[in-house]
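Chain by chain, the residues run as shown.
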Amino acid sequence: MNIEELRQTSLFNFGEENVNFAQYFDGTSYLGPISLEQVPAFNVSFEPGCRNHWHVHHAEQGGGQMLLVTAGRGWYQEWGQPARELHPGDVVNIPANVKHWHGAAADTAFQHIAIEVPGQGTSTEWCEAVDPEEYAKLA
Ligand code: MN
């Protein structure tokens, strides 16, 4: 699946190129707000090979992030753990304060809804890029 097919079949708002966070991504992503009320939710689309840098959703209480996979194929990895392959219908529960990354497989576009779990003292810390050699090892 390429990004145009993803755009044309996107159930939720596809949005615009994610220029505000481009410095924290390798490759091009798109961000479509779904809800800015109650529980914030965003539609995130990744071009093939695009992934975000290692990052941490910090919180003193509650917080973290949920990913609902809607299209394509991608990866999720926590620091020190093997990468988990993601397909439509998969749900990823990311605890607060756990270093991780998420993004597309090398050969196909990928899309997930990101739900920002409300909490106290929340912030996101962006860290180093995913090692290209490690990413290239993923099937
Ligand atoms: Mn995240």
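Note that residues are indexed from 1 along each chain, following the sequence as it is written. Predicted model: local features are reported for residues with pLDDT of at least 70 only, side-chain atom pairs are reported and counted for 80 or more only, and whole-chain, interface and lining totals are derived from all residues. In computing side-chain values, all of the structure's heavy atoms are included and hydrogens and water are not.

Enquirer: Is there a simple way to explain the pattern of salt bridges in this structure?
Expert: A side chain of one charge can pair with a side chain of the opposite charge when the charged atoms of the two come close. By definition, a salt bridge exists where a carboxyl oxygen of Asp or Glu is found within 4 Å of a side-chain nitrogen of Lys or Arg. Using the criterion set out here, one finds 5 salt bridges in the structure. The partner of Asp107 in a salt bridge is Arg73, with the nearest N and O atoms 3.1 Å apart. Linking Asp107 in the loop between β12 (100-104) and β13 (110-116) with Arg73 in the loop between β8 (65-72) and β9 (74-78), this pair joins segments that are 34 residues apart in sequence. Remark: exposure states derive from per-residue accessible area (1.4 Å probe, protein chains only) relative to the maximum for the residue type, with buried under 20%, exposed over 50%, and partly exposed in between. A relative accessible area of 56% places Asp107 in the exposed class. Each helix corresponds to a stretch of at least 4 residues labelled H or I by DSSP, and each strand to a stretch of at least 2 residues labelled E; elements are numbered beginning at the N terminus.

Enquirer: I would appreciate a short explanation of the layout of surface pockets in the present structure.
Expert: One way to see where empty space is left: roll a probe the size of a water molecule over the atoms. Roughly 430 Å³ of volume is contained in the largest pocket. Residues are said to line a cavity or pocket when one of their atoms sits within 4 Å of a point; the points come from a 1 Å grid over protein atoms alone, cavities being sets where a 1.4 Å probe fits but cannot get out and pockets being open sets with protein on both sides within 12 Å along at least five of seven lines. As for the largest pocket, its lining consists of 24 residues, and the residues nearest its centre are His57, Gln65, Glu116, Thr124 and Trp126. Looking at the lining of the largest pocket, the elements with two or more residues in it are β4 (41-46), β6 (55-58), β13 and β15 (123-126). Taken together, the residues of the lining of the largest pocket sort by class into 9 nonpolar, 14 polar and 1 charged. As a volume, the second largest pocket reaches approximately 160 Å³. Counting residues per element, the lining of the second largest pocket draws most heavily on helix α2 (residues 132-137), which supplies 3 residues. Residue polarity is assigned by list, with Asp, Glu, Lys and Arg as charged and Ala, Val, Leu, Ile, Met, Phe, Trp, Tyr, Cys and Pro as nonpolar; anything else, Gly included, falls into the polar class. Among the residues forming the lining of the second largest pocket, the class breakdown is 6 nonpolar, 1 polar and 3 charged. Grid points are joined across faces, edges and corners, and a volume is the space filled by probe spheres set on the points.

Enquirer: Whenever I open this one, the side chain of His100 confuses me. Can you help?
Expert: Mapping His100 onto the fold places it in strand β12. Overall, the relative accessible area of 0% leaves His100 in the buried class. For this analysis, a polar contact is any N or O atom pair within 3.5 Å, provided that within protein one partner can donate a hydrogen and the other can accept it, and provided that sequence-adjacent residues contribute only side-chain to side-chain pairs. A polar contact of 3.3 Å, which involves the side chain of His100, links it to the side chain of His57. Among the polar contacts listed, one links the side chain of His100 to the side chain of His102, at a separation of 3.5 Å. We call two residues contacting when some pair of their heavy atoms lies within 4.5 Å. Those residues within four positions of His100 in sequence are excluded, and the remaining contacts are His53, Trp54, His55, His57, Gln65, Tyr76, Gln77, Glu78 and Ile94.

Enquirer: Explain the packing of aromatic side chains here, please?
Expert: Within a pair of aromatic rings, the relevant descriptors are the distance that separates the centres and the angle that separates the planes. In summary, the pairing rule links any two rings of Phe, Tyr or Trp, Trp by its six-membered ring, whose centres are within 6.5 Å, and it sorts them by plane angle into stacked for under 30 degrees, edge-to-face for over 60 and tilted for everything else. Across all of its chains, the model carries 9 aromatic pairs by this definition. What links up through ring pairs into an aromatic cluster is the set Phe21, Tyr24, Phe25, Phe46, Phe110 and Trp126. Cation over ring: Arg7 sits above Tyr30, and NZ or CZ is 5.6 Å from the ring centre. In this analysis the charged atom, NZ for Lys or CZ for Arg, is taken to sit over a ring once it is within 6 Å of the ring centre and within 35 degrees of the ring normal. Directly above the ring of Trp79 sits Lys99, whose terminal nitrogen or CZ lies 3.9 Å from the centroid.

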